[in-house]
Amino acid sequence: MRKSSPRKVPDLLKNWNEVAQKVRALRRVTIFLDFDGTLVAIAPRPERVRLAPPARKVLRRLANHPNATVVIVSGRRRPELLEHIGIPGIHYFGLYGWERNTKSSLPPKVRSVLRRASNALKPLLAVYPKLWIENKRSSLSVHLLHVPSQLHARVRREIRARLKPFQKALHAVENIRDVEILPRSIPGKGIAVSRFLKQPAYRKSFPFYFGDDFSDESGFAAVGRGASIHVGHPRPTRARYHLRSPAEVTKALTKLEALLSPS
């Protein structure tokens, strides 16, 4: 039996008018944005990313707009987002939406489990020299970016096998370029987005969610009838629209800002 090909996701910029009509009807927007691969291009190392000046300018304008709310929802730690973006007026949600302020911390028992999981994964570094384990203190990220693609499936299987003893306390989030190991108290981006939109100030706004990775799929679902936008190489997704790159995300944000501020 022939497998059906993935549906073709419409281009947001080419179908802007249908989104613009919905924005005009509600006159207020809430914009959720992933960071790596969405606002910035993927870099060889996480610390080397750079937010392009046009993106920074439009984010600053939207953060100051009375009819817009901007939320960054990333797998990165919140301090990193503040370092790389640092625009006042934006909500910064690190660790998949769990880390919202300086008070976010894990119990000592969970930190201990993360340390033991890290030790269990370390032998893989000798087998796969290009693998890299990033310790984020509240999570672990096993980076596959530089591992040959033909080895990815095998590496992922071995990671899952080594994490089995810790599955009651931890869960793995399979992303395109990494495997994120999170405490079960950090459920994912979709929960964070849903909770944010339930607040009275945002219930009647039109929500956007821009993201590139598998972990963004729950965010796409959480905005419901809003505009969910997958960024990057086409793949099966729940998103309603597609953009090719962070540069196109900046174009869409610029069009949105112009729509909210008619001349």
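As a starting point, this report considers the structure included with it. Remember, it's a predicted structure, so these values are computed and weren't measured experimentally.

**A few points about the sheet that holds strand β1 (residues 29–33)**
If you trace the six strands from one edge of the open sheet to the other, you get β3-β2-β1-β8-β9-β10, paired in parallel fashion. Each edge of the open sheet is held by one strand with a lone partner, namely β3 (91–93) and β10 (241–243). The mean inter-strand angle of the sheet, taken between neighbouring strand axes irrespective of direction, is 20°. In the packing of helix α2 (residues 53–63) onto the sheet, contacts are made with β1 and β2 (68–73), and the angle to β2 comes to roughly 125°. Helix-sheet contacts for helix α9 (residues 246–260) involve β1, β2, β8 (206–211), β9 (227–231) and β10, and the interaxial angle to β1 is about 170°.

**Quick notes on helix α1 (residues 16–26)**
When α1 is considered as a whole, its buried residues turn out to be Trp16, Val19, Ala20 and Val23. Taken around the axis of α1, the buried residues stretch over an arc of 100°, which confines them to a single face. Turned more than 90 degrees away from the buried face of α1 sit Asn17, Gln21 and Ala25, all of them exposed. In this fold, the buried residues of α1 make contact with β1, β8, β10 and α9.

**Quick notes on the sheet that holds strand β7 (residues 178–183)**
As summarised here, the arrangement of the four strands in space is β4-β5-β7-β6, forming an open sheet in which the pairing is antiparallel. Looking at which strands have only one partner, the edges of the open sheet turn out to be β4 (132–135) and β6 (170–174). If you compare each strand with its neighbour and ignore which way they point, the axes differ by 20° on average. Both β4 and strand β5 (residues 140–143) contribute to a ladder of four bridges, which runs antiparallel. Its bridge partner being in β5, Asn135 is matched across the sheet by Leu140. This element, helix α4 (residues 108–121), spans β4, β5, β6 and β7 of the sheet and lies at about 20° to β5. This element, helix α6 (residues 152–163), spans β5, β6 and β7 of the sheet and lies at about 15° to β7.

**Topic: the side chain of Thr69**
By the secondary structure assignment, Thr69 is in strand β2. Classification of Thr69 as buried rests on a relative accessible area of 6%. Side chain to side chain, Thr69 and Arg28 meet in a polar contact 2.9 Å long. If we ignore the near neighbours within four places in the chain, the residues touching Thr69 are Arg28, Val29, Thr30, Ile31, His91, Phe196 and Tyr202.

**Side note on the nonpolar core**
Ranked by internal contacts, the top residues of the largest apolar core, which has 41 residues, are Ile31, Leu33, Leu39, Ile72, Phe208, Phe210 and Leu253. Elements supplying a minimum of two residues to this core: α1, β1, α2, β2, β8, β9, β10 and α9. Looking at which element gives the most residues to this core, the answer is α9, with six residues. The contact partners of Leu253, leaving out residues within four places of it in the chain, are Ile31, Leu33, Leu39, Val58, Leu59, Leu62 and Phe210. Counting residues in hydrophobic clusters, the runner-up holds 21 residues, among them Leu114, Leu124, Tyr128 and Ile181.

What counts as what
- Residues numbered from 1 in each chain as written.
- Predicted model: local features only at pLDDT ≥ 70, side-chain atom pairs only at ≥ 80, totals over all residues.
- Heavy atoms only, no water.
- Pairing = 2+ DSSP bridges.
- Helix = DSSP H or I, 4+ residues; strand = E, 2+ residues; numbered from the N terminus.
- Axes fitted to C-alpha atoms, helices over the stretch in contact; angles between N-to-C directions.
- Contact = heavy atoms within 4.5 Å.
- Buried < 20%, exposed > 50% of the residue type's maximum accessible area, 1.4 Å probe, protein only.
- Arc of directions from axis to C-beta.
- Polar contact = N/O pair within 3.5 Å; in protein donor to acceptor, adjacent residues only side chain to side chain.
- Core = buried A, V, L, I, M, F, W, Y, C linked by side-chain atoms within 4.5 Å.

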